[in-house]
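Descriptive analysis of the structure
For reference, the chains in residue letters:
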Amino acid sequence: MKGTDVLLDQDYKYGFVTDIETDTIPAGLNEDIVRLISRKKNEPAFMLEWRLKAYQRWLTMTEPAWQRVHYPQINFNDVVYYSAPKKKGDGPKSLDEVDPELLRTYEKLGIPLQEQKMLAGVAVDAVFDSVSVATTFKKKLEDAGVIFCSFSEAIQKHPDLIKKYMGSVVPHSDNFYAALNAAVFSDGSFVYIPKGVRCPMELSTYFRINAADTGQFERTLIVADEGSYVSYLEGCTAPKRDKNQLHAAVVELVALGNAEIRYATVQNWYAGDKQGKGGIYNFVTKRGKCAGAHSKISWTQVETGSAITWKYPGVILQGDYSTGEFYSVALTNNYQQADTGTKMLHIGKHTKSTIVSKGISARFGENTYRGLVKVSPKAEGARNYTQCDSLLIGDRCIANTFPYIEVDNHSARVEHEATTSKISEEQLFYCQQRGLSAENAVSMIISGFCKEVFNKLPMEFAVEANKLLGVSLEGSVG
Amino acid sequence: MLEVKDLRVSIEDKEILKGLSLSVRAGEVHAIMGPNGSGKSTLARAIAGHPSYTVTGGSIRYDGQDLLALAPDERARAGVFLAFQYPVDIPGVGNSYFLRAALNEVRKHRGQRELDAMEFLDLIKGKIKELDMDPELLKRPVNEGFSGGEKKRNEILQMTLLEPKLALLDETDSGLDIDALRIVADGVNRLRNPQRAIVVVTHYQRLLNYIVPDYVHVLVEGRVVKSGGKELALQLEAQGYDWVKPQTVAAH
């Protein structure tokens with residue numbers, strides 16, 4: 001061991017491909033493709049109209065270039081916008097009817113649905129490529145009045161809720177990728193928690209990109225009605241492929257008066273190889289709206305995968321006394337790039353936001369925190385606290401911090417703290433001198449660094465996130 | 001137990017140890033004294049395997065094996081312990097968690113069962129009392145916000161936990177008031193036994209009133225220039241280091 005040049009050599013564990021018959025449409029994007037997707041999903045007219053409106057809008061928009069990430073031009077006509085496992089007959093009515101190959105895939109991902117049904121107390125809506133195939137725990141949730149289903153199903157069964165809330169936080173015209181998603185999204189998850197209901201279990205969705213050259217455009221909408229509570233977990237993996245794949249999702253959260261939504265993401269999409277070849281482009285729009293007074297939305301994310309991660313889960317603090325939180329760990333290793341952070345828009349009176357961002361860069365990784373805190377003139381007594389910490393491993397990686405602060409109300413208080421540190425040779429030596437291997441030492445120091453964020457994750461996820469960081473950095477000190 | 005022969009060590013191409021030899025047997029306590037910059041700490045850190053210290057010549061044998069062939073963590077698990085002069089902060093990592101992880105690594109190596117959190121707590125409670133430490137320090141992150149004295153006690157706490165065969169104390173007395181010094185020395189003395197060797201690196205004789213050494217070595221400019229019994233330390237205290245410096249060195 002010489003120096004702190006940390007080398008990170010772990011193989012991507014989830015890089016297998018599932019051989020499964022799919023219903024895939026030709027590559028390319030035009031109005032016919034949008035119509036085809038809508039038809040395949042047997043959607044009502046309002047959905048097709050919405051998609052077409054988004055598509056027309058998208059045509060007038062240009063791909064943004066302000067972000068601090070570098071990638072070759074994407075040709076949107078090379079992307080396949082819809083791929084679904086082929087259905088046998090009318091599609092599965094229960095798990096027994098689901099393609100066993102598919103279930104084995106879930107098992108490899110560590111989410112044995114059968115077992116989870118009985119054991120984990122976690123309801124999983126598994127999105128495989130574009131169609132949601134299995135939803136467990138439906139019964140228990142139904143008894144509580146909770147709706148947790150695929151987006152497609154929600155369009156069929158709960159069109160009024162969809163009409164009312166879809167696009168209410170992230171409009172179809174919001175940005176280039178959000179417009180693209182609105183035009184071509186194939187599935188996703190929908191959650192509705194009725195008034196005063198505390199969701200009886202953690203809800204969880206595993207997304208997975210399987211087919212080659214497929215973009216995944218899922219859409220998630222969570223509505224927490226007055227006085228309700230829900231905690232939602234999202235985990236992501238994708239197979240290893242040489243070509244880059246695009247993932248442009250939209251997540252919308254709506255919290256009405258006194259409602260609380262906690263949304264946690266553990267993102268481990270394929271990051272590309274050590275030379276930076278392949279990997280997922282994770283260009284995602286996530287936003288929540290604290291629509292009612294005393295509502296609360298909390299984002300927690302652990303981003304260890306993807307070639308490029310580019311997202312800013314934010315909160316519109318519209319209701320008086322509402323609270324927004326953002327807790328983030330972003331790890332960039334090898335040639336990974338991340339430009340991530342949050343937007344906290346204070347509109348209501350006495351609104352409060354907390355931002356804790358931990359960026360870790362290793363090897364040639366580039367990690368950027370970009371965050372906006374905006375206090376509008378009416379946001380009397382608004383408070384924000386921001387803390388951005390960067391940890392560098394080795395001396396060829398990069399960390400940037402770009403905080404944007406706009407305050408239009410004099411009673412507001414906005415605090416920002418930022419630190420940058422390195423894992424020092426002395427720290428490593430100290431741990432090793434106590435008998436810890438260099439790898440264990442690095443992973444211990446890193447989990448210490450991330451502790452404030454991990455503490456916000458549900459227990460099982462915190463353990464998983466810790467392991468994930470350990471795995472991503474394994475192979476370690478050279 | 002420890003056989004250092006003609007050891008040459010450099011930091012960034014500057015030679016600090018210039019052919020140092022030292023022999024320590026089990027059950028002995030050796031004190032390494034010497035003026036600032038004579039290479040005392042370098043010796044301790046080189047034995048522990050600090051990556052900044054390059055061994056350019058000589059050998060270190062420990063317990064019948066070539067110590068230089070082992071990584072720092074392997075040396076630690078084999079029973080070499082260094083109490084740091086400047087213990088390092090590890091933000092976010094609980095002291096108790098860290099101590100248990102270290103202890104379990106060492107226990108694993110010795111073929112012993114790993115301790116769970118409860119068993120560990122029982123074990124540490126007694127030790128922490130012996131050192132008159134605030135139990136709150138177990139909950140805090142490793143060394144973060146500890147006072148100088150608390151850090152030093154924390155080092156001795158780790159030493160009593162890990163029960164090394166060879167303990168190296170690098171200026172453990174610096175920054176301690178007289179009461180703390182006595183507590184730390186008592187902790188070290190409790191560890192004295194016929195199977196264990198202790199090497200105390202210190203600038204001042206003061207510590208040696210409490211930890212009475214069997215041998216004292218004086219280091220000047222990277223070499224041992226004089227060795228003797230515990231009375232040598234008193235002589236150094238009274239007369240300073242000049243008289244032991246070789247003529248060629250003193251002429252500088």
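In this text, all values refer to a predicted model and were calculated from it rather than measured experimentally. (Residues numbered from 1 in each chain as written. Chains lettered and ligands numbered in written order. Predicted model: local features only at pLDDT ≥ 70, side-chain atom pairs only at ≥ 80, totals over all residues. Heavy atoms only, no water.)

1. Brief notes about the sheet that holds strand β3 (residues 29-33) of chain B
Sheets are built from strands paired through backbone hydrogen bonds, the pairs being either parallel or antiparallel. All names here are of chain B. What counts here: The criterion for strand pairing is that DSSP finds at least two bridges linking the strands in question. Helix and strand definitions follow DSSP, with helices as H or I runs of at least four residues and strands as E runs of at least two, each counted in order from the N terminus. To get an axis, fit a line to the C-alpha atoms, keeping to the stretch in contact for a helix; angles then go from 0 to 180 degrees between the N-to-C directions. By the convention used here, residues are in contact when the closest approach between their heavy atoms is within 4.5 Å.
Spatial strand order, β6-β9-β10-β3-β11-β12: six strands in an open sheet with mixed pairing. Edge strands, defined here as strands with exactly one partner in the open sheet, are β6 (80-83) and β12 (223-228). Shown here is a sheet whose adjacent strand axes are inclined to one another by a mean of 20°, direction ignored. Strands in contact with helix α5 (residues 148-162) are β6 and β9 (166-170); relative to β6, the strand with the most contacts, it is inclined by about 165°.

2. Looking at the interface of chain A and chain B
Cut-off, in case you're wondering: Buried area, as used here, totals the accessible surface that two parts lose on assembly, with accessibility defined by a 1.4 Å probe and the loss added over both. The rule for a salt bridge is simple: a side-chain nitrogen of Lys or Arg has to be within 4 Å of a carboxyl oxygen of Asp or Glu. Nitrogen and oxygen atoms within 3.5 Å of one another constitute a polar contact, given that in protein one can donate a hydrogen and the other can accept it, and given that sequence-neighbouring residues count only through two side-chain atoms.
Across the boundary between the two partners, chain A contributes 22 residues, which contact 35 residues of chain B. With both sides pooled, the region where chain A packs onto chain B buries about 2300 Å², and carbon together with sulfur makes up 62% of that total. The tally of links from chain A across to chain B stands at two salt bridges. Ionic pairing is found between R434 of chain A and E155 of chain B, a salt bridge with its closest N-O pair at 2.5 Å. Linking chain A with chain B are 16 residue pairs in polar contact (both at pLDDT 80 or more).

3. Structural notes on the nonpolar core
Within soluble globular proteins, side chains that are nonpolar tend to cluster in buried spots. Spelled out, the test is: Nonpolar cores were defined as sets of buried Ala, Val, Leu, Ile, Met, Phe, Trp, Tyr and Cys residues, with membership established by side-chain atoms within 4.5 Å. Each residue gets one of three labels from its accessible area relative to the maximum for its type: buried under 20%, exposed over 50%, partly exposed in between, using a 1.4 Å probe on protein chains only.
In terms of nonpolar packing, the biggest core is built from 112 residues, with I360 and I446 of chain A together with I47, F98 and L166 of chain B touching the most fellow members. Ranked by residue count, the leading element in this core is helix α10 (residues 438-454) of chain A, at nine residues. Not counting residues up to four positions away in its chain, the partners in contact with F98 of chain B are Y430, C431, R434, L436 and M444 of chain A together with I90, V93, V142 and Q158 of chain B.

4. As for the pattern of salt bridges
Should the charged atoms of two oppositely charged side chains come close, the side chains can pair. On inspection of all chains with the given rule, the structure shows 28 salt bridges over all chains. The salt bridge partner of R51 of chain A is E43 of chain A, with a shortest N-O separation of 2.7 Å. Of the charged contacts in the structure, one is a salt bridge between R8 of chain B and E15 of chain B, with a shortest N-O distance of 3.2 Å. E15 of chain B sits in the partly exposed class, given a relative accessible area of 30%.

5. Overview of the packing of aromatic side chains
Heads up, the rule is: Between rings of Phe, Tyr and Trp, where Trp is taken as its six-membered ring, a pair exists when centres lie within 6.5 Å; planes separated by under 30 degrees are stacked, by over 60 edge-to-face, and by other angles tilted.
Applying the stated criterion across every chain yields a total of 17 aromatic pairs over all chains. Note on Y430 of chain A and F84 of chain B: the rings are 4.8 Å apart at their centroids and 75° apart in plane angle, and the pair reads as edge-to-face. Residue Y430 of chain A is found in helix α9 (residues 425-433), and its partner F84 of chain B is found in the loop between β6 and β7 (90-94); the two belong to separate chains. Like F84 of chain B, Y430 of chain A is buried.

6. Quick look at the packing of α9 of chain A against α10 of chain A
The geometry of a pair of packed helices is captured by two quantities: the angle between their axes and the separation between those axes. Residue and element names in this part refer to chain A. Here is the rule: Roughly parallel means an angle under 35 degrees; roughly antiparallel means over 145; roughly perpendicular covers 65 to 115; every other angle is labelled oblique. Left-handed describes a crossing whose near helix is turned anticlockwise from the far helix through less than a right angle; right-handed describes the clockwise counterpart. Here the nonpolar group is Ala, Val, Leu, Ile, Met, Phe, Trp, Tyr, Cys and Pro; Asp, Glu, Lys and Arg are the charged ones; every other residue, Gly included, is treated as polar.
The contact between α9 and α10 brings their axes to 9 Å, and the two run at 120°. When the interaxial angle is binned, α9 and α10 end up oblique. The crossing of α9 and α10 is right-handed. Note on element contacts: α10 touches α9 through A438, A441, V442 and I445, opposite Q427, L428, C431 and Q432. Here the contact of α9 with α10 is built from residues that sort into six nonpolar, two polar and no charged.

7. Things to note about the pairing of strand β11 (residues 215-220) of chain B
All names here are of chain B. Of all six residues in β11, five are buried, a share of seventy percent or more. Examined bridge by bridge, β3 and β11 share four bridges and lie parallel to one another. Counterpart to M33 in the pairing with β11 is V218. Pairing of β11 with β12 involves five bridges; the strand directions are antiparallel. Across the sheet, H217 pairs through a bridge with S227, a residue of β12. Hairpin connection from β11 to β12: two residues lie between these consecutive antiparallel strands, with E221 at a positive phi of about 50°.

8. Comments concerning the sheet that holds strand β4 (residues 53-62) of chain B
Residues and elements named next belong to chain B. Read from one edge to the other, the open sheet built from four strands follows the order β2-β1-β4-β5, with strand pairing classed as antiparallel. If you trace the sheet from one side to the other, it starts and ends with β2 (14-24) and β5 (65-66), each paired once. Strand direction decides the pairing type here: strand β1 (residues 2-11) and β2, joined by eight bridges, are antiparallel. Bridge pairing in β2 links L7 to L20.

9. Here's the deal with the confidence of the model for chain B
A low pLDDT means the predicted coordinates there should not be read in detail. All names here are of chain B. Selection criterion: The predictor reports its confidence for every residue as pLDDT, a score running from 0 up to 100.
The predicted model of chain B has a mean per-residue pLDDT of 92, with 97% of residues at 70 or higher. When mean pLDDT is taken per element in chain B, β6 scores highest with 97 and helix α8 (residues 247-250) scores lowest with 49. For this predicted complex, the interface confidence reaches an ipTM of 0.95, while the overall pTM sits at 0.79.

10. Side note on helix α7 (residues 231-239) of chain B
Residue and element names in this part refer to chain B. In plain terms, the rule: What the arc measures is the spread of directions leading from the helix axis to the C-beta atoms.
Listed in full, the buried residues belonging to α7 are L232, A233 and L236. Taken around the axis of α7, the buried residues stretch over an arc of 100°, which confines them to a single face. Buried residues along α7 sit in contact with β3, β11 and β12. At the C-terminal side of α7, G240 shows a positive phi close to 75°.

11. Topic: the pairing of strand β16 (residues 314-317) of chain A
All names here are of chain A. On β16, burial covers both faces: G314 and I316 on one face and V315 and L317 on the other are all buried. Relative to β16, strand β13 (residues 279-290) runs parallel, the two sharing four bridges. In the sheet register, R287 faces β16, and the bridge partner there is G314. The pairing of β16 with strand β18 (residues 337-346) spans three bridges and is parallel. What sits directly across from L317, in β18, is H346.

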